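Secondary and tertiary structure notes
Listed below, chain by chain, are the residues.
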Amino acid sequence: MMHKSQLRVLLAVNLRLLNPQLTDRLRKKGASGSALSKKLMRQFYLNALMFLGIYGLTMLAFDFSKLPGMFTFYVALFILLGVSQSISGIYNVFFAGNDLVEYLPLPFRNQEIFMSKILVVIFNTVPFTIPLLLIFIMTATRAGIFVVLGVLMAVLMYGLILSLLLCLCALIVFGLTKLTVFRTHQKMVMNVMLGLNAVLVLVGLYFMNRGSSSDTGTQVDRAALPLLIPIFKVFTTPLTMTSLLTWASLIVISLILFALTGRFVLTHLVEQLT
């Protein structure tokens, strides 16, 4: 059984590892102990509110159920944001600190250590991907799907995509850490990931403002991304064979990635720990 007090201590430790630059800035301002943990945790809420505020209010003007191009564009945008944020988070929390051996003399169990790290990575990724949930709900409800069912579908799809992202990014980071080139230029690669986040945000805002309406006031769509059209179908025509196959495919891919992550990444980390 997992002890909440121990998990809370481990979460505080991993929050400091997640974003070393932010942690250093807050420490220089005098934050320490529980005050530092609260400020680091508050950053997640601020990021979530910022993304929902910046994108959410603007996206309310779109009828995504009639704009497959806009739907796929913004789903791709937030997936890419999730990928870049997940990679930097997983690397900093699991690999950069090389802190696993330091837990050996401490009274923490393996599941508590890994659960705290996984939760921190999830906390870090959710604010940058939470607009996906809003897009899914808006698309489903405006396509005429019953609100409760639409929300349930949106939550399930968001959970699946988040799981896929985290597993895929864990495998990518694990692979990168095996490369000599990456180990030599770790800071540069991580700075590129952070810079990519900023660029993606600006690109999204630019295209949102540019493509929101035409001179006649009607909404203008853009070319759809074929890879993401099946997800669009899930929320506009949920009972078609395409939609059902999309659900099945995402579940199967998730299970495969879970298995690969457990086989390669978690096994490697457990060996480090034990």
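The rules behind each value
- Residues numbered from 1 in each chain as written.
- Predicted model: local features only at pLDDT ≥ 70, side-chain atom pairs only at ≥ 80, totals over all residues.
- Heavy atoms only, no water.
- Helix = DSSP H or I, 4+ residues; strand = E, 2+ residues; numbered from the N terminus.
- Phe/Tyr/Trp six-rings, centres within 6.5 Å; stacked < 30°, edge-to-face > 60°.
- Buried < 20%, exposed > 50% of the residue type's maximum accessible area, 1.4 Å probe, protein only.
- pLDDT = per-residue confidence, 0-100.
- Core = buried A, V, L, I, M, F, W, Y, C linked by side-chain atoms within 4.5 Å.
- Contact = heavy atoms within 4.5 Å.
- Polar contact = N/O pair within 3.5 Å; in protein donor to acceptor, adjacent residues only side chain to side chain.

1. Describing the environment of Gly175
- Of note, Gly175 is situated in helix α6 (residues 147–177).
- Along the backbone, Gly175 and Phe264 are 89 residues apart, and their C-alpha atoms lie at a distance of 9.6 Å.

2. Focus: the packing of aromatic side chains
- Considering all chains together, one arrives at nine aromatic pairs under this definition.
- Seen from their ring centres, Phe62 and Tyr74 are 6.3 Å apart, and the 40 degrees between their planes marks the pair as tilted. Note that Phe62 is positioned in the loop between α3 (33–59) and α4 (68–96) and Tyr74 in helix α4, a separation of twelve residues in sequence. This pair shows no difference in class: Phe62 is buried, exactly as Tyr74 is.

3. Re the confidence of the model for the chain
- Mean pLDDT over the chain: 82, with 85% of residues reaching 70 or higher.
- Here helix α8 (residues 186–211) is the element of the chain with the lowest mean pLDDT, 69, and helix α9 (residues 229–236) is the one with the highest, 96.

4. Notes on the nonpolar core
- Core analysis: the biggest nonpolar cluster contains 70 residues, and Phe78, Phe136 and Phe235 have the highest contact counts within it.
- Of all the secondary structure elements, the ones that give two or more residues to this core are α1 (4–18), α2 (20–28), α3, α4, α5 (110–142), α6, α9 and α10 (241–273).
- The leading source of residues in this core is α4, at 16 residues.
- Not counting chain neighbours up to four residues away, the residues in contact with Phe78 comprise Phe51, Tyr55, Met59, Phe128, Thr129, Pro131, Leu132 and Ile135.

5. So, the side chain of Thr246
- Note on placement: Thr246 falls in helix α10.
- For Thr246, the side chain forms a polar contact with the main-chain oxygen of Thr242, separated by 2.7 Å.
- Ignoring anything within four residues of it in the chain, the contact list for Thr246 reads Pro230, Ile231 and Val234.

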